[in-house]
Amino acid sequence: MASAILDIPEDEIILERGTAGLGFNIKGGRDQPHVPRDPGIFVTKIRDDGAAAKDGRLKKGDKILEINDVDVRSVLHQDAVNMFVEAGETVKLIVQHGAEAVLQERYKAAQASRKENAPPTSKRKWWLLAGAGVAVVGVAFFYMKYRQH
C-alpha cells in the first residue's frame, strides 16, 4: 500500500507535553488504514485541555509525517502510539494540514472514475439471464413429463 504524494506543504509543530499531555487522538497505520489506500497516521480529535489545543496549529484531519525526526508515513499504528508515549516532554511533528480530506476526495474521485469506465451492466442482461433460466426449467419440466409416457 503506497502513500499518496500530496501537494500540501509540510509544517513543523513543536509541542510541550505539559500536565495535560499532547491532547490529540490518532488513527491509521500500515496495519489499520484510516484513509483508503494510505497507511499514514492522521489526527482524529483535538482535546480541549492538551498541548495541541493550546498551540492551535494541529487540526483534525492533519496527517503526521514525522515524530521527533522519525518518518511515520508507513508505520504500524501501535508503533506510532509508542513513539508518542516515549517522545519526551518536547515533541516535534511534521504534518500536512487537511491531508485526510484531500486523500478522501481523491479516493472518491478514483472510485467514480472506475465506475464511469467500467463496462455497462444493463438490465437487459439480467432479463436475458432470467429468461434463459426459465427456459431451462421449462425444458426440464417437459422432458420429465413426456419421458414417463
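Above this text sits the structure in question.
Residues numbered from 1 in each chain as written. Predicted model: local features only at pLDDT ≥ 70, side-chain atom pairs only at ≥ 80, totals over all residues. Heavy atoms only, no water.

> Requested: an account of the overall build of the protein chain, with residues and values cited.
Of regular secondary structure, the protein chain possesses 4 helices and 6 strands. Of the regular secondary structure in the protein chain, the N- to C-terminal order runs β-β-β-α-β-β-α-β-α-α. For the protein chain, the proportion of its 149 residues judged to be buried stands at 30%. For the protein chain, long-range pairs separated by at least 24 residues make up 69% of all intrachain contacts whose partners lie at least 6 apart in sequence. For the protein chain, the computed accessible surface area is about 9800 Å², with 58% contributed by carbon and sulfur atoms. (Helix = DSSP H or I, 4+ residues; strand = E, 2+ residues; numbered from the N terminus. Buried < 20%, exposed > 50% of the residue type's maximum accessible area, 1.4 Å probe, protein only. Contact = heavy atoms within 4.5 Å. Areas by Shrake-Rupley, 256 points an atom, 1.4 Å probe, with all protein chains shown as cover.)

> Now, about the packing of aromatic side chains: what can you tell me, with residues and values included?
By the definition in use, this model includes 1 aromatic pair. Between Phe-24 and Phe-84, the ring centres sit 5.3 Å apart and the planes meet at 85 degrees, which makes this aromatic pair edge-to-face. Pair noted here: Phe-24 is in strand S2 (residues 24–28) and Phe-84 is in helix H2 (residues 77–85), with a separation of 60 residues, a long-range link. (Phe/Tyr/Trp six-rings, centres within 6.5 Å; stacked < 30°, edge-to-face > 60°.)

> I'd like a rundown of H2, residues and numbers included.
Two residues of an α-helix separated by three or four positions point the same way, owing to the 3.6 residues in each turn. If you check which residues of H2 are buried, you get His-77, Ala-80 and Phe-84. Axial view of H2: buried residues confined to an arc of 65 degrees, hence all on one face. For H2, the secondary structure elements touched by its buried residues are S2, strand S3 (41–46), strand S4 (63–67) and strand S6 (90–96). (Arc of directions from axis to C-beta.)

> Which residues make up the nonpolar core, and what values do they have?
One finds Leu-15, Phe-24, Leu-58, Ile-64, Phe-84 and Leu-93 to be the most contacted residues of the largest nonpolar core, which totals 20 residues. Those elements that provide at least two residues to this core are strand S1 (10–16), S2, S3, helix H1 (51–55), S4, H2 and S6. Take this core: its biggest share by element is 3 residues, from S6. If we skip the residues at most four places from it in the chain, Leu-93 touches Asp-11, Glu-12, Ile-13, Leu-15, Phe-24, Leu-58, Ile-64, Glu-66, Ile-67 and Phe-84. Among the nonpolar cores identified, the runner-up in size contains 6 residues, and Leu-6, Ile-8, Phe-42 and Leu-103 belong to it. (Core = buried A, V, L, I, M, F, W, Y, C linked by side-chain atoms within 4.5 Å.)

> Describe the side chain of Gln-96, and please don't skip the residues or the numbers.
If you trace the backbone, Gln-96 turns up in strand S6. We classify Gln-96 as buried; its relative accessible area is 7%. At 3.0 Å, the side chain of Gln-96 forms a polar contact with the backbone oxygen of Ile-8. Apart from the residues lying within four places of it in its own chain, the contact partners of Gln-96 are Leu-6, Ile-8, Pro-9, Glu-10, Asp-62, Lys-63 and Leu-65. (Polar contact = N/O pair within 3.5 Å; in protein donor to acceptor, adjacent residues only side chain to side chain.)

> How would you explain the side chain of Asp-62 if you had to name every residue and give the values?
Turning to its location among the elements, Asp-62 is positioned in the loop between H1 and S4. Although buried, Asp-62 forms no salt bridge, and the nearest oppositely charged side chain, Lys-59, lies 7.6 Å from it. Only 2.8 Å separates the side chain of Asp-62 from the backbone nitrogen of Lys-59, close enough to count as a polar contact. (Lys, Arg positive; Asp, Glu negative; His and termini not counted. Salt bridge = Lys/Arg side-chain N within 4 Å of Asp/Glu carboxyl O.)

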